[in-house]
Amino acid sequence: MSKRGTFYLLIVPVILWLAVLIVIPHMDMMYRSFRLETDDGAMVYSLSNYLVFFQDQIYWLTFVKTAVYSIGVTVLAFIVTFPVAFYLTKVVKVSYSSFMTLLLLIPIWIGELVTVYGWMILLRDNGVINTFLMNIGLIDSPIEMLFTNFSMTIGLLYMSMLFMIIPMMSALDSMDDSLIEAASDLGASKWTIFRQIVIPYTTPGITSGGIIVFMLVIGDYVAPNILGGKSSLWFTEQIYNKFLESFNWNEGAAFGFLLLVLSSTIVWVALKLSGQKLEKVGS
Amino acid sequence: MIRTLPCSLPYLAGYRLYISLFYIFLILPLITICVLAFNDSNYIALPWKGFSLDWFFANTDDRLGLFKDADLLLSIWVSFKTGFFVALFSTLVGTTAALLFEQEQFRFKGALYFLALAPLVIPGVVLGLSILLSSTNAGVYIEETFGMDIELLRPSFWLVVIGQFSFAATYVMLLVGARLKKFDRTLEEAALSLRATRLQVIWLITIPFLRASIIGAFIVAFLISFSNFNTTIFLVGSDPTLPVDLYSRIKFSSTPVLNAVSFMVVAFITLSAILSFVFNRNKG
């Protein structure tokens, strides 16, 4: 086959994939979000699907809460996992490191449903943690942990944080230890080394890990729905309700579009602030 | 601070304590599930009432074990089938995309690559609902125009496969593409100067070079599919996948059979992880 023919053989499946499954569906979603079915059954253009969002307090409050919590969980994931990434790449013996890294992958592949279910059993009123605390006499009656913002945050953190470790580890791996040694010889404190050498060097890994975590958290449904209570509504839950309970697809499309705009904006700002490109996030 | 530098004992001890706590946090929910799967009780949580295999094998009025529960076994089977087809299609298209973006030059390449990365920053919910909208629209249109009812375009097994494929292909593309960056292109030039066609070069030289990463990407795509919930829930028809089935059971009718299923998943994943670890170490 000619060179030209081979080129088409490569490009046609890719264009089909992206056009049929990414571009057209999202244009459809945008189109549907501006459509309204009037009382006599006719379809007209309208902004009412978006007006619903701004007029009904619960929708935009949930929207803001989801955004704030997602950023918060991302920051928390960084604080919790950065010491682990550093430990595995720079501190622990090399022979232990690969096995300990393997352990980190297991919860990822087990999947969110199972791990969230595990947290549900742990955090229930008659769950493992409460039973344990009561048996050792620390508390008399169960602490209410499940169905709160606390349990939801634990669930979101658990299912997303490991995705941050891997990119940070690969950034740390490529960092030359002698940089730290030199700084240490010149009398820099640990904090100075951390702030002026380690963090700048790891920024690409932190950014791509942070974006993955943020996207997972803001688009998640399982942890808020199973572990969160009545007060911890998540914006995705409202999208699901529009589609699968009230069957108002036009409003659902508008809400989906708003979520997409929200997440893209925050990712874009994060990329600008850290001076990264989306092409880098993938690698 | 690092391996080569001395540091104070309290610092190191504190650091180790933190790492241990982190790993306990990581393993705690998994251990809990695995232990409670063998609890002789009708409730999913404590107290411990003795060892039992009932939630795997029993078939009595109040206990239906995993291996006797036809619905549950069916959803596990559906998940395996879905995972296989998603992995197959996304490996094919993802590898094609990696070859295209790494080796070909053409107009609008940057824009197309950006689109191929887009699934990384589109929430799974939005992917699911937009594909549901489009396929329903197309289905209604075809039915009204040609009078044909196309099963594929309604929530069904194949629509789930299509939906999961739409983003799994991106991950395959990145995994295979990373390996392709290390490919020595003079090998191809040699083959081309010996009059191989471009397609022969790809088939006989590039693909064998990529084999390990293609197999790895296939497994990753399978696992992505096997654990996906957010996109699947919009597209699922009458035969739920395992995550969808688990979700509705957790929400509406939790019995300890959930512990048994979760135990099987944990055991399966852990075992495969350890196997791949041993296998890779022996090879390296």
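Here, every reference points to the structure presented above.
Given the structure is predicted, the values throughout are model-derived calculations rather than measurements. (Residues numbered from 1 in each chain as written. Chains lettered and ligands numbered in written order. Predicted model: local features only at pLDDT ≥ 70, side-chain atom pairs only at ≥ 80, totals over all residues.)

On to the overall build of chain A. Helix and strand counts for chain A come out as 14 helices and two strands. Seen through its principal axes, chain A has C-alpha atoms that stretch 80 × 75 × 35 Å. Out of the 283 residues belonging to chain A, those deemed buried represent 44%. Excluding contacts between residues fewer than 6 apart, the proportion of contacts in chain A whose partners are at least 24 apart in sequence is 71%. (Helix = DSSP H or I, 4+ residues; strand = E, 2+ residues; numbered from the N terminus. Buried ≥ 20, exposed ≤ 12 C-beta atoms within 10 Å, placed from the backbone. Contact = placed C-beta atoms within 7 Å.)

Looking only at helices and strands, one finds eleven helices and zero strands in chain B. Going from the N terminus to the C terminus, chain B shows its helices and strands as α-α-α-α-α-α-α-α-α-α-α. Its C-alpha radius of gyration of 24 Å places chain B more than 25% over the 19 Å reference for a compact globule of 284 residues. With respect to the principal axes defined by its C-alpha atoms, chain B has extents near 75 × 75 × 30 Å. Buried positions account for 41% of the 284 residues belonging to chain B. Residue pairs in contact within chain B that sit at least 24 positions apart in sequence constitute 71% of those at least 6 positions apart. (Rg over C-alpha atoms; globule rule 2.2 N^0.38 Å.)

With that settled, consider the interface of chain A and chain B. Taken together, the contact between chain A and chain B spans 78 residues of the former and 72 residues of the latter. Among the elements that make up the side of chain A that touches chain B, the one with the highest residue count is helix α1 (residues 3-33) of chain A (18 residues). Here the residues of the side of chain A that touches chain B are counted per class, giving 50 nonpolar, 17 polar and eleven charged. (Nonpolar A, V, L, I, M, F, W, Y, C, P; charged D, E, K, R; others polar.)

Helix length check: helix α10 (residues 190-218) of chain A (29 residues) gives 34 Å between terminal C-alpha atoms against 42 Å at 1.5 Å per residue, more than 12% under. Helix geometry: α10 of chain A is bent most strongly at Thr203 of chain A, by close to 55°, with proline Pro204 of chain A lying one to four residues after it. (Expected span 1.5 Å × (residues − 1). Bend = angle between axes of the 7 residues up to and from the residue.)

As a further point, take the environment of Leu223 of chain B. Residues and elements named next belong to chain B. Here Leu223 is to be found in helix α8 (residues 198-227). Residue classification places Leu223 among the buried residues on the basis of 20 C-beta atoms within 10 Å. Between the alpha carbons of Leu223 and Leu235 there is a distance of 18 Å; along the sequence they are twelve residues apart.

Right, let's talk about α8 of chain B for a bit. In this model α8 of chain B runs just 38 Å from its N-terminal to its C-terminal C-alpha over 30 residues, more than 12% under the 44 Å that 1.5 Å per residue would give. Where α8 of chain B bends most, the angle comes to about 60°, and this point is Arg211 of chain B.

Right, let's talk about unusual backbone geometry for a bit. Glycine aside, residues mostly have negative phi, and peptide bonds are mostly found in the trans state. One non-glycine residue, Phe247 of chain A, lies in the positive phi region at around 50°. Residue position: Phe247 of chain A is located in the loop between α12 (235-245) and α13 (249-274). Unusually for a residue other than glycine, Phe108 of chain B sits at a positive phi of about 60°. Along the chain, Phe108 of chain B turns up in the loop between α3 (70-103) and α4 (109-117).

With that out of the way, let us pick up the packing of helix α4 (residues 94-110) of chain A against helix α8 (residues 162-173) of chain A. Residues and elements named next belong to chain A. One can describe the packing of α4 onto α8 by two numbers: an axis separation of 9 Å at closest approach and a directional angle of 140°. When the interaxial angle is binned, α4 and α8 end up oblique. Between α4 and α8 lies a crossing whose hand is left-handed. Side by side, α4 and α8 meet where Leu104, Pro107 and Ile108 of the first sit next to Leu162, Phe163 and Ile165 of the second. Looking at the contact of α4 with α8, its residues break down into six nonpolar, no polar and no charged. (Axes fitted to C-alpha atoms, helices over the stretch in contact; angles between N-to-C directions. Parallel < 35°, antiparallel > 145°, perpendicular 65-115°, else oblique. Left-handed = near helix turned anticlockwise from the far one by under 90°.)

Turning our eyes to something else, we now look at the environment of Lys181 of chain B. Following the sequence through the fold, Lys181 of chain B ends up in the loop between α6 (157-180) and α7 (186-193). When the C-alpha atoms of Lys181 of chain B and Gln103 of chain B are compared, they prove to be 9.4 Å apart, with 78 residues separating the residues in sequence.

Before going further, it helps to spend a moment on the packing of α10 of chain A against α13 of chain A. Residue and element names in this part refer to chain A. Where α10 meets α13, the axes come as close as 11 Å, and the angle between the chain directions of the two elements is 170°. The angle between α10 and α13 falls in the class roughly antiparallel. Between α10, through Thr203, Thr207, Gly210, Ile211, Phe214, Met215 and Ile218, and α13, the contact on the second element is made entirely by Ser263, Ile266, Val267, Ala270 and Ser274. When its residues are assigned to classes, the contact of α10 with α13 shows seven nonpolar, five polar and no charged.

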